[in-house]
Amino acid sequence: MQIPPPQSEQELLDRCRIIAGKTIFELAHPFNQKIPTTLHQAKGWVGTLIEWHLGADSTNKSQPDFSYLGIELKTLPLDADYRPQESTYVCTAPLEPSLEIWRTSRVYKKLAHVLWVPIEASSQIPIPERRIGTPLLWRPCPKTEAILKQDWEELTEILQLGQIAKLSAKQGFYLQIRPKAAHSRILTSTLNEQGEAILTGPKGFYLRTLLTKNILANHYKY
DNA sequence: AGCTGATCATAT
DNA sequence: ATATGATCAGCT
């Protein structure tokens, strides 16, 4: 079973309407997928399943999931109160010298246009019974972008100055930097503040749930 | 209970 | 090792 990429935003939204309200059980069936009992060893499984249903074409590529539309797909795990329960991985953080500015950055490119797909993720709900919410096509408003830009510039400056030792996940209002690797023994080379080669774990940009909670609150008013 | 640091699978 | 897809789990 293969689904071609959507040719318009409307076609993408039409497909979203089809999966909204369905369970993981219903979505796994047409792809003959065995549903994992836990996501412990299948952390990206649900996201991949949604990609298949919506026709994402850039799986395993450094491009938006829907390359023709320039739209990035992100699942949004919801807790029992239907609020985001996990942060959202964006992309790797550059430990090498970079000429990026905000608008040319990988973070901006990823976040410029996102399809958020809310999914029930409370551990109280067995995986097959978890339901898909109504997906939301989103662009950062000017106020939100300004905050992301400031976060990105502060964090990027620290990295570019080689001050990785003073970097922690506590920095950043919406955007933060955390480890991103299979495990903590994986090391990559970078330069410290004195320009000396040192080893450090790979890092990634993540969105705090504060942002995704705000996005949902602003779009699903009652 | 929320957050930070650590970790899991797969493809290239 | 790096990219994709993310969640786990110990500590505060």
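Just so you know, these numbers come straight off a predicted model, no measurement behind them.

Participant: So what's going on with the protein's contact with DNA strand C? Which residues, and what values?
Facilitator: In the neighbourhood of DNA strand C, 24 residues make up the surrounding shell, with K43, D65, T75, K180 and Y206 lying closest. Measuring from a base nitrogen of DNA strand C, one finds a backbone N or O atom of G44 at 3.5 Å. In this structure, a phosphate oxygen belonging to DNA strand C sits 3.1 Å away from a side-chain N or O atom of T188. Of all the elements, strand β1 (residues 72–78) adds the most residues to the surface near DNA strand C, at four residues.

Participant: Got a sec to walk through unusual backbone geometry? Specific residues and values, please.
Facilitator: The phi dihedral of N32 falls on the positive side, at around 50°, and the residue is not glycine. Looking at N32, the relative accessible area reads 70%, which means it is exposed. The phi torsion at Y82 lies on the positive side, around 60°, for a residue other than glycine. Of note, Y82 is situated in the loop between β1 and β2 (88–92). Y82 sits in the partly exposed class, given a relative accessible area of 46%.

Participant: Could you give me a rundown of the sheet that holds strand β5 (residues 175–179), with the residues and numbers involved?
Facilitator: Reading across from one edge, β2-β8-β5 is the order of the three strands in this open sheet, with antiparallel pairing throughout. For this open sheet the edge positions go to β2 and β5, each flanked by a neighbour on one side alone. Across the sheet, the mean angle from the axis of one strand to that of its neighbour is 40°, orientation sign disregarded. Of the strands in this sheet, β5 and β8 (203–207) touch helix α5 (residues 142–160), which is tilted by about 40° from β5.

Participant: Go over the packing of aromatic side chains, please, and point to the residues and values.
Facilitator: Scanning the model with the defined rule gives six aromatic pairs in all. Summarising the aromatic geometry, the rings of W102 and W152 are spaced 6.0 Å apart at their centres and angled 55° between planes, so their arrangement reads as tilted. Here W152 lies in helix α5 and W102 lies in the loop between β2 and α4 (106–111), a separation of 50 residues in the sequence. Assigned by exposure class, W102 and W152 land together as buried. Relative to Y174, the ring of F173 lies with its centre 5.0 Å away and its plane at 50°, an arrangement referred to as tilted. On the basis of relative accessible area, F173 is assigned to the partly exposed category, the value being 46%. Ring pairing ties together the aromatic residues W102, Y108 and W152, which thus form one cluster. Taking NZ or CZ as reference, R178 lies 4.1 Å from the ring centre of Y206, over its face. Just above the ring of Y89 sits the side chain of K180; from NZ or CZ to the centre is 4.3 Å.

Participant: Describe the protein's contact with DNA strand B, with residues and values.
Facilitator: Taken together, 16 residues sit near DNA strand B, with Q41, K43, R178, A181 and S184 positioned nearest. The contact atoms of DNA strand B, taken as those within 4 Å of the protein, divide so that sugar and phosphate hold 56%. Between DNA strand B and A169 there is a distance of 2.9 Å, counted from a phosphate oxygen to a backbone nitrogen or oxygen. Contact between DNA strand B and Q176: a phosphate oxygen at 3.1 Å from a side-chain N or O atom of the residue. With three residues, β5 is the single largest residue contributor to the surface near DNA strand B. When its residues are assigned to classes, the surface near DNA strand B shows five nonpolar, six polar and five charged.

Rules of the game
- Residues numbered from 1 in each chain as written.
- Chains lettered and ligands numbered in written order.
- Predicted model: local features only at pLDDT ≥ 70, side-chain atom pairs only at ≥ 80, totals over all residues.
- Heavy atoms only, no water.
- Near = heavy atom within 4 Å.
- Polar contact = N/O pair within 3.5 Å; in protein donor to acceptor, adjacent residues only side chain to side chain.
- Helix = DSSP H or I, 4+ residues; strand = E, 2+ residues; numbered from the N terminus.
- Buried < 20%, exposed > 50% of the residue type's maximum accessible area, 1.4 Å probe, protein only.
- Pairing = 2+ DSSP bridges.
- Axes fitted to C-alpha atoms, helices over the stretch in contact; angles between N-to-C directions.
- Contact = heavy atoms within 4.5 Å.
- Phe/Tyr/Trp six-rings, centres within 6.5 Å; stacked < 30°, edge-to-face > 60°.
- Lys NZ or Arg CZ within 6 Å of the ring centre and 35° of its normal.
- Nonpolar A, V, L, I, M, F, W, Y, C, P; charged D, E, K, R; others polar.

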